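Chain and residue survey
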Amino acid sequence: MSNRVRYIIKRIGYAVITIFVLIALTFTLMHLLPGDPFTGPKAIPESVKEALNVKYGLDKPLLQQFFIYVGNVLSGDLGASVPDGRLVTDIIKQAFPVSLELGIRSLIFAFIIGILLGIVAAIKRGTVWDSASMFLALIGVSVPSFIIGSLLQYFLGLKLYQATGTQVFAIMGWTTANSKILPAFALAFSSMATISRLMRTSMLDVLNQDYIKTAKAKGLKQRQIIWLHAVRNAIMPVVTVMGPLVASVLTGAFVVENIFSIPGLGKYFVQSVQTNNYTVISGTTIFYGTFLILANLVVDLIYGFIDPRVKLTGGKE
Amino acid sequence: MRFKKVLAAALACAMVVSTAVTSSAASLYPGTPDEDMVTIDMRAEPPELNSLLTTDVASGNILRMTMAGLTKLDENDIPQPDLAESWDVSEDGTTYTLHLREDGKWSNGEPVTANDFVYAWHMISKPETASAYGFIVYQNIKNGQAVFDGTMDESEMGVKAIDDYTLEVQFENPIPYALHLFSFASFYPLNQKAYEEIGADKYAKEADSIVTNGAYKIAEWVHDDHVTLEKNEEYYGAADISIPKVKYLMMKDTNARMNAFKAGQLDCFNLSGEQIEQFANEGFETKAYVDNGNWYFQYNTKVKGLDNAKIRQALGMAIDLQSLCDNVRKDGSLPATGIVPTGINGAENKLYSEARGNLVTYDAEQAKALFEEGLAEAGMTADEFKISLITDDTTQAQKESAFYQEQWKQALGITVDISPMPFKARLQAMTDGDFDIVFAGWAPDYNDAMTYLDMFTTENGNNYGKYSSEEYDKLIADAMKEVDPVKRQDMLIQAETLLVSTDAPVFPLYFSAVSYAVSDKLQGMTRTGFQEFDFQDGATIAK
Amino acid sequence: MFKKKKKPIAVQQESVYDVSGKISAEAFEQVGVDTGAMESIVRPSISFWKDAFQRIKKSKVAVVCLIILGLLILGAIFAPMLSPFNYSDQNVAYSNQPMMFQDPNNGKTHLFGTDALGRDIFVRSWYGARVSLTVAIVVALIDCLVGVVYGGISGYFGGAVDNIMMRIVEVISGIPYLIIVILLMTVFERGIGTIILAYSLTGWTGMARLVRGQVLSLGEQEFVIAAKTMGAKPSRIIGQHLVPNILSVIIVNITLDIPNVIFVEAFLSMLGLGIAPPQSSWGIMANDGISVFQSYPSQLVIPALFICLTMLSFNLLGDQLRDAFDPKLRR
């Protein structure tokens, strides 16, 4: 077996263990939340409460519930939302594609703008350009997304409409093309800042390398050096933050989804924690967790394939 | 491409900001462009459209439009005939014989018969249905509780189909608000065939898994995004329904609603206090109604210090409710005059609150004096009196709590800690008796003072403060059996006086109001405390 | 860049010439070979820290950031003491007043106006600075401490220990922190302590990873191997050799962690999970402000500016520190 295959198998094995621990932890934590899914503004008769517990399998001992749950998860059944009874898999199937599209759009925004800013800052290091582009990048990350989202919606959604008489950007929803720009943009800001700063550091690093000096000595034009040699190599580390970035975009999505009334998965997660909706809490956590762990895995593997210096052997020769 | 768009937009935006737009007051907001549809914001997803299980306002809004019951409320919350064309009431006020119309039709083509009601009421009284609101049926219908407990067969329950179109209902006690109850979702009929075909677990989870009989049908339901209703042409009263389609959005953000309304993407939404001011400054007229919600402090009478009635009275008397409504809430809410809000019906076709008058006073000086007396009785000093106020974690609730805290500090010189909690955690703390004072609200189930007052009897599950008074319990129990409406009302007023003024285990703060903006397009919509949205009382789309 | 002008070597100015114009042999002196002088370092030795400090001093951006942060901290400490208002005093009759509003009753001026309950926004901003900055700095320090110890141990021992410890980190960072935070917020009393605890429980993983990576690469270097060979205890190697070498990474990460925490605090406030009333924090003020910004924009702009300024300063400072500490970027 080659090193690479062994490494991949090992990583997948770890991922499975991680997901299992994640399930156990989430399960424990959510049962510590005060109250239960059926607590409502009006007192429910004891006998009804018992019947509800039986219906959702909450009458059994916790440990037994846990094993039943793990068994169900393994067979792809995430249970039914309490107390309204929708299947958690249905919720994810309906809501996740929306969140995913929002996330991808915002990451594309973030990457293009972030990398450009990073390059400018690095080439013009120490000048006004450097400060200006870093400032621009940072201004995005310095304002919480709920403020950015609301401001974008107010000025570009409403005020622009009132001024021009046409709806350039829709204020809410996720159906028309003009409704998908503002939310993606609002969500992109913080990732953009991360990417641009990483790109700047990485570019500075690369620009000091010998092969750049060689290229200079060979008389290549500045533009060729930057685009052909520096940027290609400097982008490499940016790829590694993809995993964490996906995570931050997914959690950040909650705020943006609320402001722009987008039917995504982010708000289900927050709502479910607030309403003690056990199955949705654990269902979305497991789904997100698995998604992130896989995203990290894929990023690592991709990184290994593109960068010949990284050997996929887990650090030991 | 996109970059250019963004750039252009940014430039345009800068222009807008620099040249402030001024617009005239006339016809500011014409509403959505669709000719056959109105779009309103309902704020939340209807979580349960199965009428056996439903408990919440949002689901109630959709069911009211899509289901026909025995009666329905008109624009003044007065019950009117719906499927029941007429009815006879027995001398003692406990037996109703209802004559149903013969042209009621389910969306699966079956006729609506008396048996559909019997089936629904039997189902809701089964423990395995686990209906959180079922008690409103089986505790009122004769023998219902015994059927629920399993000590009697369901055939002995007080609901019978005399023939396909005659329904006989026997209540345990004479209920003055029975016709109002019949319009409540828990009393809706259910199509047995459809319910069994779809299965209880799946019923009403999606637009195509529910069978309805009302003025509208569910055309589209995208969870947590929108529900679209379409006029049901087979409904017996279809000729009186004029709006072809209604779209309910579930928006979560206050500013977004305002922006959407102003940009013509929304015809109606609820306003925050600041938004009312903003519209007032623009010269745009907003509307409001008292929603019969009541917000109050519930004191834990088992906590040292709070077990003293004088201290409890003092805590309430120290709060300037007028200032609360005028300066903090600013949404048209009314200072409470008792535990029963002003919109609730009373005897002799008058409002209950008119007979009751005002039971609540604000007097900071007397509060201080009472507080000192109470402390002396309890054998405590002001320093030993350390309590906290549990409140919801919404921005509004926390703001109000800060106001109460400051009022107590100024009037009584005490510092009350505030502990904001998520909704479920607050209810759990209340259930566990793990609180000093809790800021709680109550929405009525039916249009009668009893829905507010029976919750403070010793054995009631909603009596979280563990208030216990033999006198109070007796007044409520007697009122339940009393046939004469005026005598019954007197008993209830006596009980309420005991509750609010004398013993003071609760302190009513305000009767909440809902302010909303409507576009010029949408006319004649009904919004009341019992019908958050209704489009069946002559609502139209203005041309 | 740091070259110092060398003093010219002193030339003997006495006459070394005799009458005939020849140089006498006595004027010459045998110097020999001074091995010590050959080895001496003429350029003043600039330590790592000195170099970094000098570079920071040269960076205008870094200096401005430091000044802003200094002012913010001083303001947070003293402004609430000096203001005639208390952060919780209400005057609901004068709520939502504009900036520079003068109270007609007592003639005192509300510099930043008043909020929805008629509380002075100026003093609340500075009180909020106390809360937000305390939370941010304490969390960053805890993250750093836990992260360094954990990452250091993991990276130093490597092998199975490292594997297990890193798996644990992966699991912890896999749990969305929201669950933990909401849980703790509901179980414990609202307050600075709970926010700090909640965020530190998950926040340290990033630092642990970073430190581990650094330790792994440093561990292969000669001076560590030398120390090991000489029988130094692990604690000594970690403390004496590894930590100082990765300090720059740690410091940079702290400055970048602080804005993150401020962000989280704002996010929690938005969910209603912030600090309990009547206390203020920037997150709570921004959240209150966002709901009224169409009517009273200053109530949003003021806390947003505070947040923005702090985050910018920490972020820019972090970037400058990174440049300053990075030996590869020495000029």
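Rules used throughout
- Residues numbered from 1 in each chain as written.
- Chains lettered and ligands numbered in written order.
- Predicted model: local features only at pLDDT ≥ 70, side-chain atom pairs only at ≥ 80, totals over all residues.
- Helix = DSSP H or I, 4+ residues; strand = E, 2+ residues; numbered from the N terminus.
- Buried ≥ 20, exposed ≤ 12 C-beta atoms within 10 Å, placed from the backbone.
- Contact = placed C-beta atoms within 7 Å.
- Rg over C-alpha atoms; globule rule 2.2 N^0.38 Å.
- Pairing = 2+ DSSP bridges.
- Axes fitted to C-alpha atoms, helices over the stretch in contact; angles between N-to-C directions.
- Expected span 1.5 Å × (residues − 1).
- Arc of directions from axis to C-beta.
- pLDDT = per-residue confidence, 0-100.
- Nonpolar A, V, L, I, M, F, W, Y, C, P; charged D, E, K, R; others polar.
- Parallel < 35°, antiparallel > 145°, perpendicular 65-115°, else oblique.
- Left-handed = near helix turned anticlockwise from the far one by under 90°.
- Domains from an automatic or database assignment.

Focus on the overall build of chain A
The helix and strand inventory of chain A stands at 12 helices and 0 strands. Along chain A, helices and strands appear, N-terminal first, in the series α-α-α-α-α-α-α-α-α-α-α-α. Counting only C-alpha atoms and orienting by the principal axes, one finds that chain A spans roughly 85 × 65 × 30 Å. The buried share of chain A, taken over its 317 residues, is 48%. Counting contacts in chain A only where the partners sit at least 6 residues apart, residues at least 24 apart contribute 74% of the total.

A word on the overall build of chain B
Along the backbone of chain B there are 18 helices and 19 strands. For chain B, whose C-alpha radius of gyration is 25 Å, the value lies close to the compact-globule estimate of 24 Å for 543 residues. Dimensions along the principal axes, computed over C-alpha positions, put chain B at roughly 75 × 70 × 40 Å. The buried share of chain B, reckoned over its 543 residues, is 52%. In chain B, once contacts between residues fewer than 6 apart in sequence are set aside, the share between residues at least 24 apart is 67%.

Points about the sheet that holds strand S6 (residues 159-163) of chain B
All names here are of chain B. Taken in spatial order, the 4 strands make up an open sheet running S4-S5-S7-S6, and their pairing is antiparallel. Lying at the two open borders of the sheet, with one neighbouring strand each, are strand S4 (84-89) and S6. Neighbour-to-neighbour, the strand axes of this sheet turn through a mean angle of 25°, independent of strand direction. Judged from the 5 bridges that link them, S4 and strand S5 (residues 95-100) form a sheet pairing that is antiparallel. Counted as the bridge partner of Ser86 is His99 from S5. Sheet contacts for helix H3 (residues 114-124): S5, S6 and strand S7 (166-170); angle to S6, the most-contacted strand, approximately 165°.

Let's talk about unusual backbone geometry
The peptide bond linking C:Pro277 to C:Pro278 adopts the cis configuration, its omega dihedral lying at 10°. Along the chain, C:Pro278 falls in the loop between helix H9 (234-270) and helix H10 (282-292). Unusually for a residue other than glycine, B:Lys330 sits at a positive phi of about 55°. By the element assignment, B:Lys330 lies in the loop between helix H11 (321-329) and strand S13 (334-335). Overall, the presence of 20 C-beta atoms within 10 Å leaves B:Lys330 in the buried class.

What to know about the interface of chain A and chain B
Chain A puts 44 residues into the contact, and the matching count from chain B is 42 residues. Elements with a contribution of two residues or more to the side of chain A that touches chain B: helix H2 (46-55), helix H6 (145-164), helix H10 (242-259) and helix H11 (266-274) of chain A. By residue number, the principal contributor to the side of chain A that touches chain B is H6(A), which donates 13 residues.

Observations regarding helix H18 (residues 485-502) of chain B
Residues and elements named next belong to chain B. For H18, with 18 residues, the first-to-last C-alpha span of 24 Å sits near the 26 Å given by 1.5 Å per residue. Buried residues of H18: Arg488, Gln489, Leu492, Ile493, Ala495, Glu496, Leu499 and Val500, and no others. All buried residues of H18 project into a common sector of 165° when viewed along the axis, lining one side. In this structure, the buried side of H18 is in contact with helix H12 (352-356), helix H16 (450-453), helix H17 (470-481) and strand S17 (506-518). Looking at the residues trailing H18, positive phi occurs at Ala504, about 50°.

As for the pairing of S6(B)
All names here are of chain B. In terms of strand pairing, S6 meets S7 through 4 bridges, oriented antiparallel. In the sheet register, Ala161 faces S7, and the bridge partner there is Leu167. Linking two consecutive strands that pair antiparallel, namely S6 and S7, is a turn of 2 residues.

Re the confidence of the model for chain B
When pLDDT is averaged along chain B, the result is 90, and 95% of the positions lie at 70 or above. Between residues 11-26 of chain B, whose pLDDT stays under 50, and residues either more than four places distant or in other chains, the model counts 19 contacts.

A look at the pairing of strand S12 (residues 287-299) of chain B
All names here are of chain B. Across 10 bridges, S12 lies against S17 in antiparallel orientation. By the bridge assignment, Gln298 is partnered in S17 with Val506. Across 6 bridges, S12 lies against strand S16 (residues 437-442) in antiparallel orientation. Residue pairing across strands places Trp295 opposite Gly441, the latter belonging to S16.

Remarks on the interface of chain C and chain A
On the chain A side, the residues contacting the 33 residues of chain C number 35 residues. Per element, the largest residue contribution to the side of chain C that touches chain A is 10 residues, and it comes from helix H11 (residues 298-325) of chain C. Here the residues of the side of chain C that touches chain A are counted per class, giving 24 nonpolar, 4 polar and 5 charged.

Notes on helix H2 (residues 57-66) of chain B
Residues lying three or four places apart along an α-helix face the same way, a consequence of the helix completing one turn every 3.6 residues. Residue and element names in this part refer to chain B. Among the 10 residues in H2, 9 count as buried, and that is most of the element. When H2 is considered as a whole, its buried residues turn out to be Ala58, Ser59, Gly60, Asn61, Ile62, Leu63, Arg64, Met65 and Thr66. Buried residues along H2 sit in contact with strand S8 (216-222) and strand S9 (226-231).

Some points on the packing of H17(B) against H18(B)
Any two packed helices are characterised by how steeply their axes cross, that is the angle between the axes, and by the distance between the axes. Residues and elements named next belong to chain B. One way to put it is that H17 packs onto H18 with a least axis distance of 9 Å and a crossing angle of 155°. Between H17 and H18, the angle falls in the class roughly antiparallel. Both H17 and H18 take part in a crossing whose hand is left-handed. For the pair formed by H17 and H18, the contact residues are Glu471, Tyr472, Leu475, Ile476, Asp478 and Ala479 on the first element and Arg488, Met491, Leu492, Gln494, Ala495, Leu498 and Leu499 on the second.

What to know about the domain arrangement of chain A
Residue and element names in this part refer to chain A. Partitioning chain A into domains gives domain 1 (3-90 + 276-313) and domain 2 (92-246). The partner domain 2 presents 9 residues to the 13 residues of domain 1 that form the contact. Mapped by element, the contributors of at least two residues to the side of domain 1 that touches domain 2 are helix H4 (88-123) and helix H12 (278-306). Examining the composition of the side of domain 1 that touches domain 2, we find that 9 residues originate from one element, H12, more than from any other. Partitioned by chemical class, the residues of the side of domain 1 that touches domain 2 number 8 nonpolar, 3 polar and 2 charged.

Brief notes about the environment of B:Glu110
Residues and elements named next belong to chain B. Locating Glu110 in the fold gives a position in the loop between S5 and H3. Residue Glu110 is classed as partly exposed on the basis of its 16 C-beta neighbours within 10 Å. For the pair Glu110 and Ala194, spaced 84 residues apart in sequence, the C-alpha to C-alpha distance is 9.7 Å. In this view, Glu110 contacts Asn191 and Lys193; residues no more than four positions away in its chain are not counted.

Quick word on the packing of helix H5 (residues 128-142) of chain A against helix H7 (residues 181-207) of chain A
All names here are of chain A. With their axes 7 Å apart at the nearest point, H5 and H7 run at an angle of 145° to one another. H7 is crossed by H5, and the crossing has left-handed handedness. Taken together, the residues of H7 that come into contact with H5 (itself represented by Ala137, Leu138, Gly140 and Val141) are Phe189, Ser190, Met192, Ala193, Ser196 and Arg197. Looking at side-chain class alone, the contact of H5 with H7 contains 6 nonpolar, 3 polar and 1 charged residues.

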